Amino acid sequence: MTTKQKKMLYRIITAAVLMVALHFVPVEGYPRFALYLVPYFIIGYDILRKAVLGICHGEVFDENFLMAVATVGAMLLGIYNESRGLEGEFAEGVAVMLFYQIGELFQAVAVGRSRKNISALMDIRPDYANIEDQEGNLEQVDPDDVEVGTVILVQPGEKVPIDGIVTEGSSTLNTSALTGESVPREVKEGEEIVSGCVNLTGLLRIRTTKEFGESTVSKILDLVENSSMKKARTENFITKFARYYTPAVCYSALALAVVPSVVNLLLGNPADWSTWVIRALTFLVISCPCALVISIPLSFFGGIGGASSCGILVKGSNYLEALARTKYVVFDKTGTLTKGVFQVTEICPAAEFAQKLGQAREGAPMGLREDSPEAESAGQAREAGRWTQAEGTGPEADGGHHSKETGSAAAGGRQAAQERLLELAAYAESYSNHPISKSLKEAYGRELRPSLVSDVEEISGHGVKALVDGVSVAAGNARLMESLKLPYEETQQIGTIVHVAVDGAYAGYILIADVVKEQAKDAIAALKAAGVKKTVMLTGDARLTAEHVAGQLGLDEVKSELLPGDKVEAVESLLTRKGPKENLAFVGDGINDAPVLSRADIGVAMGALGSDAAIEAADIVLMDDNPMKLALAIRISRKCLAIVYQNIVFALAVKAACLLLGAVGLANMWIAIFADVGVMVLAVLNAIRCLKVSGSGARSIA
């Protein structure tokens, strides 16, 4: 409990003890009224103050006003009864205020508990950054003051304050506050590291690549802090409902107090003012909309908090509500359903390219100077049989549909052609960060010399053209070869085909295979079990590869060979097919997905740890690469929405019944207290269930 909540608890206990004690004090009349004022003011002075301030500011009709009018009216009615020789029910006025404050304290504690998950996420905010001075001493500075390019030190047990690249050291990182995943992550020299992680083992020196305000931790904290600003339609409805409902019940209570008594007077009967006033006051207490006003936002807040503990960041309750109605889920393939870790599995040079290469000077890779380090290392790689590890390549085995060569000379010539084809493709793709480009550079395995590459032209959805040491090289898909009007070799093998042209002639292709994520098939099955009607995959890959992946995973529909703009059109086409109360979610890895993420009803970025574009463009951010978390997010959203509707129906039903009973005199002030405080407590208890995520989040779906 906070200090404020503890003070309220002490006030509640004091008022409750005094109220019980006064029940046994044998006093009557005004002394009795004066004694009951003590616990009344102890427990209710702040409510009375808020009610008066609300009236002064023109904001009259709220729960403070209802409680003030009801309790002051009950106390005044007690004085009236005492003056007539009857026993005044002062205890009822104190009890209404007491139980209302108990309900408010309960609600405050519940909100505090729901904030724990958010607060745990807020713990990723770093307090300082370590910088070495010229003498080697560590100086702690504010992360906001650290410039880009500064080398900072992160010791074991400290948070990484700013995004950067590890320049020295290796360590194990705890990323659970960001991803909800308890498995540590290894990091070593040369790798990128994001802020918010906790360094567990070794000393790290990190060269910052961003300012603190642009780092991952800052963007995530800003996202979470502003999530409450984007309210769901249900929340907005309750707010608007309370705005009209509260004045309506106040005027109804006034009418209930006055009209029957006036009618009795007109008919010549006793007015019986006290009976109708107490019914009106009971009516006011019953009508207080606290259960709805408190429990509905708390339910959404709890849902967002529960999701955040699993590494699922929801930008607002409106997106949580929209996710619950998702019936269409569209996936990008690379990095979402597949690992996006491409490996070169086969290199197939064209016969003409191999023949031309055989006529060239042995040992000097095409497109590179004879005296270059690459030429020397290429010759060494040939001697070592570098490509024998790839099935169907190297001197011992031939690839795919090609017939097996005989003789060591033929095998050596083919191996040289494979190496040079890979070398040229790697150089042409050297300036690209696409996963396919990275796989080519990794397969090449040697340091690239950027000075040898010029006139680089990336063609979106096709590939790249470049001059490699004066040699024209084009590397990309079949569309690139068609645009260059070059005949190319078609293959039915599964994977991504990178065709290569050298000096305007087709030189062969490189086969690259991606790996499907282990959880992807189960994730698709879980989505269908959750009521998703259609799962669709969009990809720029060839039809054969796309259909193979879709068949493996059990997807309903696949669209292949798409350019980036085609993906937006495909999503728009699907949007026209869905029902008016059905939503479409697009799930991507945040790389070049921003237009599609913003066009879908709900944009979900997966594996967004360290991806600024994904965090900015998406409505929901899955901080790691586990596709099962999408099904978990839908389950959390539907549970949250179900609890919201339960609370609305329960609160309105109980209040409607008690209002009718109160109006006809069958419900006294104690029933009114239950209808107000009791319903609120039950609704809040129900709302707290939104915090509980079965299986403790990420670990249950790992």
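Below is a short write-up of the structure. Keep in mind that what you see is a predicted model, and the values were worked out from it rather than measured.

Basis of the calculations
Residues numbered from 1 in each chain as written. Predicted model: local features only at pLDDT ≥ 70, side-chain atom pairs only at ≥ 80, totals over all residues. Heavy atoms only, no water. Helix = DSSP H or I, 4+ residues; strand = E, 2+ residues; numbered from the N terminus. Buried < 20%, exposed > 50% of the residue type's maximum accessible area, 1.4 Å probe, protein only. Areas by Shrake-Rupley, 256 points an atom, 1.4 Å probe, with all protein chains shown as cover. Pairing = 2+ DSSP bridges. Axes fitted to C-alpha atoms, helices over the stretch in contact; angles between N-to-C directions. Parallel < 35°, antiparallel > 145°, perpendicular 65-115°, else oblique. Left-handed = near helix turned anticlockwise from the far one by under 90°. Contact = heavy atoms within 4.5 Å. Nonpolar A, V, L, I, M, F, W, Y, C, P; charged D, E, K, R; others polar. Disulfide = S-S within 2.5 Å. Patch = residues over 30% accessible without salt bridge, like charges linked within 9 Å, V, L, I, M, F, W, Y side chains within 5 Å. Salt bridge = Lys/Arg side-chain N within 4 Å of Asp/Glu carboxyl O. Lys, Arg positive; Asp, Glu negative; His and termini not counted. Charge placed at Lys NZ, Arg CZ, Asp CG, Glu CD. Arc of directions from axis to C-beta. Phe/Tyr/Trp six-rings, centres within 6.5 Å; stacked < 30°, edge-to-face > 60°. Lys NZ or Arg CZ within 6 Å of the ring centre and 35° of its normal.

### Some thoughts on the overall build of the protein chain
Link 1 in the chain: Summing up its helical and strand segments, the protein chain has 23 helices and 22 strands in all.
Link 2 in the chain: Counting all 702 residues of the protein chain, 52% fall into the buried class.
Link 3 in the chain: Total accessible area on the protein chain is roughly 31,500 Å²; 56% of this is exposed by carbon and sulfur atoms.

### Describing unusual backbone geometry
Link 1 in the chain: Here the phi dihedral of Asp-272 falls at roughly 55°; this positive angle occurs in a residue that is not glycine.
Link 2 in the chain: Among the structural elements, Asp-272 can be located in the loop between helix H7 (233-266) and helix H8 (273-287).
Link 3 in the chain: Taking the relative accessible area as the measure of exposure, Asp-272 reaches 37% and is therefore partly exposed.
Link 4 in the chain: Despite not being glycine, Asp-455 has its phi angle at roughly 50°, a positive value.
Link 5 in the chain: Tracing the chain through its elements places Asp-455 in strand S13 (residues 453-459).
Link 6 in the chain: By relative accessible area, which is 58% here, Asp-455 ends up exposed.

### Quick look at the sheet that holds strand S6 (residues 185-187)
In sheet architecture, strand pairing relies on hydrogen bonds along the backbone and comes in two forms, parallel and antiparallel.
Link 1 in the chain: Here we have three strands laid out as an open sheet, ordered S6-S5-S8, and antiparallel in their pairing. Looking along the sheet, the strands with just one partner apiece sit at the ends: S6 and strand S8 (198-199).
Link 2 in the chain: With two bridges connecting them, strand S5 (residues 171-174) and S8 associate as antiparallel partners. Each bridged residue has a counterpart across the sheet, and for Asn-174 the counterpart in S8 is Val-198.

### Section: the packing of helix H2 (residues 29-56) against helix H3 (residues 63-83)
Link 1 in the chain: Contact geometry of H2 with H3 gives a least axis separation of 8 Å together with a crossing angle of 155°. With respect to their mutual orientation, H2 and H3 come out roughly antiparallel. Once H2 is placed against H3, the crossing between them reads as left-handed. Judged by residue contacts, Gly-29, Tyr-30, Arg-32, Phe-33, Tyr-36, Leu-37, Tyr-40, Ile-47, Leu-48, Lys-50, Ala-51 and Ile-55 of H2 engage Asn-64, Phe-65, Met-67, Ala-68, Thr-71, Val-72, Met-75, Ile-79 and Glu-82 from H3.
Link 2 in the chain: Residues of the contact of H2 with H3, tallied by class, amount to 15 nonpolar, three polar and three charged.

### With respect to the state of the cysteines
Link 1 in the chain: On inspection of all chains with the given rule, the structure shows zero disulfides.
Link 2 in the chain: Cys-690 carries a free sulfur, and the closest cysteine sulfur to it, the one in Cys-640, is 4.0 Å from it.

### Some words on the pairing of strand S16 (residues 496-502)
Link 1 in the chain: Judged by how many residues are buried, S16 sits mostly within the fold: seven of seven residues are covered.
Link 2 in the chain: Neither face of S16 is left uncovered, since the one carrying Thr-496, Val-498, Val-500 and Val-502 and the one carrying Ile-497, His-499 and Ala-501 both have all their residues buried.
Link 3 in the chain: In this antiparallel pair of consecutive strands, S16 and strand S17 (residues 505-513), the connection spans two residues, and Asp-503 shows a positive phi of 50°.

### A look at the packing of helix H9 (residues 290-308) against helix H10 (residues 317-324)
Link 1 in the chain: Where H9 contacts H10, the two axes come as close as 10 Å, and the packing angle between them is 80°. Here H9 is positioned roughly perpendicular relative to H10, judged by the angle of their axes. Across the interface between the two elements, Phe-300, Gly-303 and Ile-304 of H9 pack against Ser-317, Leu-320 and Glu-321 of H10.
Link 2 in the chain: Its residues placed into classes, the contact of H9 with H10 shows three nonpolar, two polar and one charged.

### Remarks on a nonpolar patch on the surface
Link 1 in the chain: Judged by side-chain polarity, Phe-61, Tyr-251, Leu-254, Val-258, Val-259, Val-262, Val-263, Leu-265, Leu-266, Leu-267 and Trp-273 come together as a nonpolar surface patch covering roughly 1,100 Å² of accessible area.
Link 2 in the chain: When residues of the nonpolar patch are assigned to their parent elements, the largest contribution, eight residues, is made by H7.
Link 3 in the chain: If you trace the backbone, Val-258 turns up in helix H7.
Link 4 in the chain: Residue Val-258 is classed as partly exposed on the basis of its relative accessible area, which comes to 34%.

### Topic: a negative patch on the surface
Link 1 in the chain: On the surface, Asp-142, Asp-144, Asp-145, Glu-147 and Glu-211 cluster together to form a negatively charged patch.
Link 2 in the chain: With respect to the helices, strands and loops of the structure, Asp-142 is situated in the loop between strand S2 (138-141) and strand S3 (151-154).

### A look at helix H17 (residues 543-553)
Link 1 in the chain: Those residues of H17 that sit buried are Thr-545, Ala-546, Val-549, Ala-550 and Leu-553. Each buried residue of H17 sits inside an arc of 130° when the element is viewed along its axis, so together they form one side.
Link 2 in the chain: Against S16, helix H16 (520-529), strand S18 (534-538) and strand S19 (557-559) lie the buried residues of H17.
Link 3 in the chain: Note on H17: the residue one or two positions beyond its end, Gly-554, has a positive phi of about 80°.

### Looking at the sheet that holds S17
Link 1 in the chain: Spatial strand order, S12-S17-S16-S15-S14-S13: six strands in an open sheet with antiparallel pairing. Of all strands in the sheet, those bounded by a partner on one side alone are strand S12 (343-349) and S13. Across the sheet, the mean angle from the axis of one strand to that of its neighbour is 20°, orientation sign disregarded.
Link 2 in the chain: In this sheet, S17 lies alongside S12 in antiparallel orientation, the contact comprising six bridges. Bridging from a neighbouring strand, Gln-343 pairs with Ala-513 of S17.

### Thoughts on the pattern of salt bridges
Link 1 in the chain: This model, assessed by the stated rule, comprises 16 salt bridges.
Link 2 in the chain: Measuring nitrogen to oxygen at the nearest pair gives 2.9 Å for the salt bridge that ties Arg-11 to Asp-46. Of this pair, Arg-11 sits in helix H1 (residues 3-22) while Asp-46 is found in helix H2, placing the two residues 35 residues apart along the sequence. A single burial state applies to Arg-11 and to Asp-46, both of which are buried.
Link 3 in the chain: Across the pair Glu-572 and Arg-599 runs a salt bridge whose closest N-O atoms are separated by 3.1 Å. One end of the pair, Glu-572, is in helix H18 (residues 564-577); the other, Arg-599, is in helix H19 (residues 594-599), with 27 residues separating them in the sequence.
Link 4 in the chain: For Glu-572, a relative accessible area of 33% puts it in the partly exposed group.
Link 5 in the chain: Accessibility expressed as a relative area gives 35% for Arg-599, which makes it partly exposed.
Link 6 in the chain: Overlapping salt bridges, with partners in common, bring together Lys-534, Glu-557, Lys-559 and Arg-577 in one network.

### A look at the packing of aromatic side chains
Link 1 in the chain: Tallying each qualifying case throughout the model produces four aromatic pairs.
Link 2 in the chain: Centroid distance Tyr-36 to Phe-90: 6.1 Å. Interplanar angle 35°. Geometry classified as tilted. Remark: Phe-90 occurs in helix H4 (residues 90-122) and Tyr-36 occurs in helix H2; sequence separation between them is 54 residues. The exposure classification of Tyr-36 matches that of Phe-90, with both residues buried.
Link 3 in the chain: Ring geometry for Tyr-40 against Phe-41: centres 5.5 Å apart, planes inclined by 70°, an arrangement best described as edge-to-face.
Link 4 in the chain: By relative accessible area, Phe-41 is classed as partly exposed at 42%.
Link 5 in the chain: Each member of the aromatic cluster is reached from another via a ring pair, and the members are Phe-33, Tyr-36 and Phe-90.
Link 6 in the chain: Above the face of the Trp-276 ring, Arg-279 is positioned so that its terminal group lies 4.3 Å from the ring centre.

### A closer look at the environment of Gly-413
Link 1 in the chain: Along the chain, the position of Gly-413 falls in helix H13 (residues 408-428).
Link 2 in the chain: Accessibility expressed as a relative area gives 36% for Gly-413, which makes it partly exposed.
Link 3 in the chain: Along the sequence, Gly-413 and Leu-357 sit 56 residues apart, while their C-alpha atoms lie 8.2 Å from each other.

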